[in-house]
Amino acid sequence: MPSKSQESVKHVSVYSHIAPLYDYMMRHVNYVQWYRYIDSLLNAYAPNPRSLLELACGTGKMLEKFAGQVPVLMGLDRSFEMLQGARQRLSGKCDHLLLWNGDMRQFAIQIEVQVVLCLYDSINYCMSEDELTATLDSVHVCLQDGGIFIFDICTRRTCKNYFRSLHEVDTFAGTEFVRRGRYDDKNDWQINEFWLNQQETGSQYFERHVQKIYSLRAVKKSITRSQKWDILGVYNNFTRRPGSERSFRVHFVLQKRTG
Ligand SMILES: C[S@@+](CC[C@H](N)C(=O)[O-])C[C@H]1O[C@@H](n2cnc3c(N)ncnc32)[C@H](O)[C@@H]1O
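Residues numbered from 1 in each chain as written. Predicted model: local features only at pLDDT ≥ 70, side-chain atom pairs only at ≥ 80, totals over all residues. Heavy atoms only, no water.

Some points on the sheet that holds strand β11 (residues 229-236)
Heads up, the condition is: Here, any two strands with at least 2 DSSP bridges between them count as paired. Only runs of H or I of at least four residues qualify as helices and only runs of E of at least two qualify as strands under DSSP, and these elements are numbered from the N terminus. Comment: axis = line fitted to C-alpha atoms, over the contacting stretch for helices; angle = value between 0 and 180 degrees taken between N-to-C directions. In this description, contact between two residues means that some pair of their heavy atoms is separated by no more than 4.5 Å.
Sheet architecture is open: 7 strands sit in the order β4-β3-β2-β5-β6-β12-β11, paired in mixed fashion. Strands at the two margins of the open sheet, each flanked by one partner only, are β4 (96-101) and β11. Each neighbouring strand pair of the sheet contributes to a mean axis angle of 15 degrees, computed without reference to strand direction. Alignment of strand β5 (residues 113-118) against strand β6 (residues 143-154), held across 5 bridges, turns out to be parallel. Counterpart to Val-116 in the pairing with β6 is Phe-149. On the sheet, helix α2 (residues 31-45) packs against β2 (51-55), β5, β6, β11 and β12 (249-256) and is oriented at approximately 30 degrees with respect to β12. Packed on one face of the sheet, helix α5 (residues 129-142) meets β2, β5, β6, β11 and β12 and runs near 150 degrees to β6.

Below is the structure:
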């Protein structure tokens, strides 16, 4: 916990100040394995796509894996600072790259894409079923007929097992950080709070991240309500077995209905 008084801690928007630390904080995540899994889903449902858009692309770790494989790559993220990381990572690696700052709940692009991804709990930043529906609708508009949308959700089981009482203290690149996680059972919110202390300047920042944790039933309801999607798969973790509330992570594969 920071040593200074609470008044000197500046509350800042999510991912604005943890962006430079994000890759370090997430160094345990096996993006190679995750990429192989997504690639296997694409091989099954949308082989050799020519265009791919990743919503909430963060610092571009997944997009990087598709560089050289998919000719047109696009990434959207609400955090300008996370996108900066993506820009640096992807610079010079892609034939056609478009990154932009935007909100997945409400975006529009001029071209139709074949594949849209939204990974690593990012969809859980939709704080209500209405926001989830708005995201699905925006994706629907930008996909070509028959296009594929793959996203994952974090389950209650994961939050309760791993993040209920998370407490981490570490230092990276001159910033000391404290991360505290808790689960709000009443609202089904996963709350992660970050205190950052920039050692050289003494500046202190605080970010509060809140994610809504949905039941699989609620997600399926949002998907089916619009009658715009076929659900091709609801998968347990990184497998092709059926996902359930017992899964730690569930991947959804949707296809935009034609006509
Ligand atoms: C857990 S990070 C995942 C980043 C990346 N997908 C990855 O796998 O490393 C969540 C990302 O979602 C972005 N995000 C949250 N809400 C968003 C929204 N409404 N629209 C676009 N991006 C959003 C954040 O800025 C952040 O980069």
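Focus on the pattern of salt bridges
The line we're drawing: In what follows, salt bridge is the name for a side-chain nitrogen of Lys or Arg lying within 4 Å of a carboxyl oxygen of Asp or Glu. The buried label goes to any residue with under 20% of its type's maximum accessible area, the exposed label to any with over 50%, and the partly exposed label to all in between, with areas taken from a 1.4 Å probe on protein chains only.
Under the criterion given, the structure shown has 16 salt bridges. Between Asp-121 and Arg-249 there is a salt bridge; the shortest N-O distance is 2.6 Å. With a gap of 128 residues between them, Asp-121 in the loop between β5 and α5 and Arg-249 in strand β12 connect regions that are remote in the sequence. Take Asp-121 and Arg-249: they sit in the same class, and that class is buried. One network of salt bridges, with partners in common, ties together Asp-23, Glu-64, Arg-89 and Lys-93.

Quick look at unusual backbone geometry
Of note in this structure, Asn-48 is not a glycine but carries a positive phi near 50 degrees. Locating Asn-48 in the fold gives a position in the loop between α2 and β2. A residue is classified by how much of its surface remains accessible, and Asn-48, at 67% relative accessible area, is exposed. Here the phi dihedral of Asn-237 falls at roughly 50 degrees; this positive angle occurs in a residue that is not glycine. Relative to the helices and strands, Asn-237 resides in the loop between β11 and β12.

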